[in-house]
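Below are the chains, spelled out letter by letter.
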Amino acid sequence: MARVIVDVMLKPEILDPQGQAIARALPRLGFTGVTDVRQGKRFELQLDGPADEAALAQVRKMAETLLANTVIEDFAIRVED
Amino acid sequence: MARVIVDVMLKPEILDPQGQAIARALPRLGFTGVTDVRQGKRFELQLDGPADEAALAQVRKMAETLLANTVIEDFAIRVED
Amino acid sequence: MTLDTVERAAQTPDEPQPYAELGMKDDEYQRVREILGRRPTSAELAIYSVMWSEHCSYKSSKVHLRQFATKAPKCDALLVGMGENAGVVDIGDGWAVTFKIESHNHPSYVEPHQGAATGVGGIVRDILSMGARPIAVMDSLRFGGADQPDTKRVLPGVVEGISSYGNCLGLPNIGGEVVFDPCYIGNPLVNALCVGLLRKDQIKLATAPGPGNKVVLFGARTGADGIGGASVLASATFDEESQAKRPAVQVGDPFMEKLLIECCLELFQAGVVVGIQDLGAAGISCATTEMAAKGAGGMRIDLNLVPLRDPTLRPEEILMSESQERMMAIVAPDDVPAFLAICEKWDVPATVIGEVTDTGRLVMTWDGEVIVDIPPGTAANEGPVYERPLREPAGQAALNADGPERLPRPADLRETLLTLLGSPNLASKEWVTSQYDRYVRGNTVLAQPADAGVLRIAEALPGAEPTTRGIALAVDGNGRYAKLDPYAGAQLALSEAYRNVAVTGARPLAVTNCLNFGSPEDPEVMWQFAEAVRGLADACQTLGVPVTGGNVSFYNQTGSTAIHPTPVVGVLGVIEDVSKRIRHGFTAPGLRVALLGE
Amino acid sequence: MSARVGVVTFPGTLDDQDAARALRLAGAEVVPLWHAERDLKGVDAVFLPGGFSYGDYLRCGAIARFAPIMEELIPAAKSGLPVLGTCNGFQILCEAHLLPGALTRNQNLHYICRDQRIRVENTRTAWTCDFEPGQELLLPIKHGEGRYVADEETLAELEREGRVVFRYAGGNPNGSLNDIAGITNEAGNIVGLMPHPEHAVEELTGAPSVDGRGFFTSILKRLVNA
Ligand SMILES: Nc1ncnc2c1ncn2[C@@H]1O[C@H](COP(=O)(O)OP(=O)(O)O)[C@@H](O)[C@H]1O
């Protein structure tokens, strides 16, 4: 019954227009002190078993093939407790 | 120079067609054992100072007013170390 | 890392340089040394390598494309012909139209969504830089077999890319093609067309006249996008080696492009633009060399002033970056404040990075040192020109001999008809076209499922005087016909687009084309190319419609297997009274049906 | 004296020309309003047209909602100024909490452009008084995020108070709850909908209908008779 989180972010060298648009909007809304914003995706996967080695290997595979576009994105996996 | 993460997810009662599409695709790709998928957003904010009380209060405000639409979304804030 | 200055280059003539890795041949490199009288600096090498790449220099196609000019029918309507960002055609009542089609095939294979999106972005900036308001787009697409696994990756991404970018710009998509054929499986074709409207006397050119005028870079900041892309991505085959040195994928920002469009139109209106050029493949290298060569002959640029997204970029990388949504303008010194104010209104970053000179040299500095000092025309116009060997493909005669008469007669017509109707190439394309906004701007008279897109122009530019005119556009191509006979295949593509325009009631006026072929270094491909160009040029002459511009895309192949030769042809027509356009389909019961032609 | 209707342009707004044209055809005087100005120029009504304000980045309408013009528009709308938001304009109205609920990604995850039938459920609003109850209209839709959602309580309230102004007919294109295509506020002066009436006002162009005209004749009647 474990829950696994996959965070997917654009690679650092890839333009993130959404993040930039937010960063430009913040000062107009009176928020200062934020120098950069990057926007990515977060996936919550509910597993029907424990988050053991085998399950995490599967999740890694899913992230590589489906959840992230590895041409432009990096991902990170963690088990939520 | 702290980095703060804001995770935004649709409220549990709101349908998440993206998450569902992924959940449906997984078995077709040979992945089993995932009972549910939810897709949300992840924002990385780079602050120009420390992530102290005041800064986090600001981030909370940003999340409430801009980064999340609290009519349909929940958010969580954490400082990355 | 030591800065490779001009001074240093002169002192270290024997330093080895990675010209081969940048796609340059030995003799090309030697020519650069002759031109400069020394070895190039690394920044200069970057400029020459991208400017002399197939993609930018048309070195293999130039000798053939000349026919479009030499055989061009006399046409008073042509205001700007080939060689500019896009051709401009006079459509009457003081109005002019500019249109062009361009490929983004290789990037769309690597990253379908971004590749296709930036393909739209690029062609829209071409049209914008002529001084026109972009008013519509079209797209001609080729994918592998509908049931081949990679098509599942490529097709949805490409359609989404075109849709998200074009929709966000507010440009109606008024037509195109979707064709499936196994020959495109490792090499899809994404050809995007844009059409723009301007007043006849408002044409802008990519030129930098008037020493003392300022060079302004505006739009997005420069990042690592597509560095090396112009030479690696667009002119190398997809072998593992080029995959390994794959540059950062260009990512489009349609919102920035929308701002650029509105900003440029306001700049044009304010009369503060002397010359303008979009930054596409070869980025700053291309814009500076071309504009300087066409203008006063010289330019001085301080590369440190280029606003960067990635502060670690080296000058060579800045010169080669293909970051999207950037433009370069030449502005009179007195107009600079007004120019910058308009950019600020639209939230478009703008920076003066240099000025026009009459020295005949393009000089660039970095940290105060001279790292580029070249005659700009040598990079922009005097690249190598190849007369590549041609050879009719080995099996060509046999292929043609294998005619339909050898096929068995279908026994069951019903079955045959159903198979045809259900085949991906004939099935409805609505899955694609329903993802494109065809209504935005309110001037779409006909779009899918019509044979040609038709636009009203009266209201397309607010404030201009009224006209009843409209324009029609169609784009067509058939790689299978062209494979059988490239000469006739190109003509058939033209005829189809020509007919599609004509049946709306419009008079065909001008042609654009995108020539998608395999490697020019393969004599059999080169033969196909030469035949197709000859065919298209002859047909244009016969039909009396000039080619106003286009694009050549070579190296469309997987390994050594080329795609079918695929010339895609766009035809523009004008209709005097757009309310008289003819819809396709049977409009009322009881009407007679007539068949025209053979 | 003809009614003065403002059309707001945000960075990324696309349908402002069309909105202005539709209003002009109906006889209104159109007043362009710029997002960065805190000035409604004394208009009698406001049209928030469609498009991709701020690229639709983050969420559709999320950034536009904070534009300076909205600081004027929000209180004015709350005190009765008629406001119509179509597509992105509807999204902005929801983000600004002038209308309840939210517009989320289409159920099939694709942008969709098609001619859609919708049914008029409420003819008491400032923008629909010239329609017949139950009248069906053919209007273009063109959006990627048009799936209307709201919590159950809000939905029940909208239904109970007759504030569902339009419903999709002949198939729900995006998965909107209760087939909702458009809603209004309690007072009936603010209306938001996903379809585009401004693309259905001329024979020659746009959708194969002129059903959009009713929106603009409605508001003109309302304003001129007021
Ligand atoms: N990629 C595309 N982009 C835009 N419109 C397209 C595209 N593909 C097809 N269409 C449009 O869809 C309609 C039907 O296309 P198609 O099935 O190829 O018909 P036809 O064989 O009559 O050209 C045409 O109006 C065409 O312009």
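Let us look at the structure shown here.

Conventions and cut-offs
Residues numbered from 1 in each chain as written. Chains lettered and ligands numbered in written order. Predicted model: local features only at pLDDT ≥ 70, side-chain atom pairs only at ≥ 80, totals over all residues. Heavy atoms only, no water. Contact = heavy atoms within 4.5 Å. Pairing = 2+ DSSP bridges. Helix = DSSP H or I, 4+ residues; strand = E, 2+ residues; numbered from the N terminus. Axes fitted to C-alpha atoms, helices over the stretch in contact; angles between N-to-C directions. Patch = residues over 30% accessible without salt bridge, like charges linked within 9 Å, V, L, I, M, F, W, Y side chains within 5 Å. Areas by Shrake-Rupley, 256 points an atom, 1.4 Å probe, with all protein chains shown as cover. Salt bridge = Lys/Arg side-chain N within 4 Å of Asp/Glu carboxyl O. Buried < 20%, exposed > 50% of the residue type's maximum accessible area, 1.4 Å probe, protein only. Near = heavy atom within 4 Å. Polar contact = N/O pair within 3.5 Å; in protein donor to acceptor, adjacent residues only side chain to side chain. Least-squares fit on C-alpha atoms with pLDDT ≥ 70 in both. Buried area = accessible area lost by both parts, 1.4 Å probe. Phe/Tyr/Trp six-rings, centres within 6.5 Å; stacked < 30°, edge-to-face > 60°.

1. What about the arrangement of the chains?
Stage number 1. For the five pairs of chains in contact, the maximum contact count is reached by chains A and B.
Stage number 2. Nowhere do chain B and chain C come into contact; their C-alpha atoms are at least 12 Å apart.

2. Brief notes about the sheet that holds strand β2 (residues 34-47) of chain A
Strand pairing in a sheet takes place through backbone hydrogen bonds and is either antiparallel or parallel in direction.
Stage number 1. Taken in spatial order, the six strands line up as β3(A)-β1(A)-β2(A)-β2(B)-β1(B)-β3(B) in an open sheet, and their pairing is antiparallel. Unpaired on one side and paired on the other, β3 (73-80) of chain A together with β3 (73-80) of chain B mark the two borders of the sheet. Each adjacent strand pair in this sheet contributes to an overall mean axis angle of 25°, direction not counted.
Stage number 2. As judged from the eight bridges shared by strand β1 (residues 3-10) of chain B and β3 of chain B, these two strands associate in the antiparallel manner. Residue pairing across strands places Val6 of chain B opposite Ile77 of chain B, the latter belonging to β3 of chain B.
Stage number 3. Along the sheet face, helix α2 (residues 53-67) of chain A touches β1 (3-10), β2 and β3 of chain A together with β2 (34-47) of chain B and points at about 150° away from the line of β3 of chain A.

3. Focus: a nonpolar patch on the surface
Stage number 1. On the surface, a nonpolar cluster with roughly 290 Å² of combined accessible area is contributed by Leu417, Leu418 and Leu421 of chain C.
Stage number 2. Residue classification places Leu417 of chain C among the partly exposed positions, given a relative accessible area of 48%.

4. Notes on the site of the ligand
All names here are of chain C.
Stage number 1. In the vicinity of the ligand lie 14 residues, with Asp139, Asn173, Gly175, Gly176 and Ala450 positioned nearest.
Stage number 2. Within the backbone of Gly176, an N or O atom sits 3.0 Å from an oxygen atom of the ligand.
Stage number 3. One of the backbone nitrogen or oxygen atoms of Glu177 is found 3.2 Å away from a nitrogen atom of the ligand.
Stage number 4. Protein coverage of the free-state accessible area of the ligand, which is 550 Å², stands at 76%.
Stage number 5. Elements that contribute at least two residues to the shell around the ligand include exactly β4 (133-143) and β5 (173-180).
Stage number 6. Here the shell around the ligand gets five residues from one element, more than from any other, and that element is β5.

5. Brief notes about the relation of the copies chain B and chain A
Stage number 1. With an RMSD of 0.2 Å, the fit of chain B onto chain A corresponds to turning through 180° and sliding 0.0 Å along the axis. Between the two chains, the operation in question is that of a two-fold axis. For chain B, the minimum C-alpha distance to the rotation axis belongs to Lys41 of chain B and amounts to 2.2 Å.
Stage number 2. Here 97% of the interface residues in chain B have copies in chain A that are interface residues too; the copies meet face to matching face.

6. A short note on the interface of chain B and chain A
Stage number 1. With 31 residues of chain B at the interface, the matching set in chain A holds 30 residues.
Stage number 2. Both sides together, the interface formed by chain B and chain A hides about 2700 Å², and carbon and sulfur atoms give 64% of it.
Stage number 3. In this assembly, chain B and chain A are joined by two salt bridges.
Stage number 4. If you look at where chain B meets chain A, you find twelve residue pairs in polar contact (both at pLDDT 80 or more).
Stage number 5. Those elements that place two or more of their residues in the side of chain B that touches chain A are β1, α1 (17-28), β2 and α2 (53-67) of chain B.

7. What about the interface of chain C and chain A?
Much of the literature gives interface size as the accessible area that the parts lose upon coming together.
Stage number 1. On the chain A side, the residues contacting the 13 residues of chain C number ten residues.
Stage number 2. Between chain C and chain A lies a buried interface of about 1100 Å² when both sides are counted; carbon and sulfur atoms form 59% of it.
Stage number 3. Of all residues in chain C, Val251, Asp253 and Arg309 of chain C bury the most surface against chain A, accounting for 38% of the area lost on that side.
Stage number 4. Counting every contact that joins chain C to chain A gives one salt bridge.

8. What to know about the packing of aromatic side chains
Stage number 1. Inspection of the entire model under this criterion finds 14 aromatic pairs over all chains.
Stage number 2. Seen from their ring centres, Phe218 of chain C and Phe339 of chain C are 5.3 Å apart, and the 85° between their planes marks the pair as edge-to-face. Note that Phe218 of chain C is positioned in strand β7 (residues 214-219) and Phe339 of chain C in helix α14 (residues 336-345), a separation of 121 residues in sequence. Here Phe218 of chain C matches Phe339 of chain C in class, with each residue buried.
Stage number 3. Geometrically, the ring pair formed by Trp346 of chain C and Trp34 of chain D is edge-to-face, given 5.0 Å between the ring centres and 75° between the ring planes.

9. Some words on the pairing of strand β16 (residues 470-476) of chain C
Residues and elements named next belong to chain C.
Stage number 1. Counting buried residues in β16 gives seven out of seven residues, a clear majority hidden from the surface.
Stage number 2. The side-chain alternation of β16 yields two buried faces, one formed by Gly470, Ala472, Ala474 and Asp476 and the other by Ile471, Leu473 and Val475.
Stage number 3. Note: strand β15 (residues 453-456) against β16, four bridges, orientation antiparallel. In the sheet register, Leu455 faces β16, and the bridge partner there is Ile471.

10. Some points on the pattern of salt bridges
Stage number 1. Summed over all chains, the structure comprises 60 salt bridges over all chains.
Stage number 2. Asp7 of chain B is the salt-bridge partner of Arg78 of chain B, the closest N and O atoms lying 3.1 Å from each other. With Arg78 of chain B in strand β3 and Asp7 of chain B in strand β1, this residue pair connects regions lying 71 residues apart in the sequence.
Stage number 3. Put simply, Arg117 of chain D and Glu136 of chain D hold a salt bridge, and the shortest N to O gap is 2.5 Å. In this pair, Arg117 of chain D sits in strand β6 (residues 112-120) while Glu136 of chain D sits in strand β7 (residues 136-143), placing the two residues 19 residues apart along the sequence.
Stage number 4. On the basis of relative accessibility, which here comes to 40%, the residue Arg117 of chain D falls in the partly exposed class.
Stage number 5. Relative accessible area serves as the criterion here: at 36%, Glu136 of chain D is assigned to the partly exposed category.

Read these as spatial facts, not as claims about activity.
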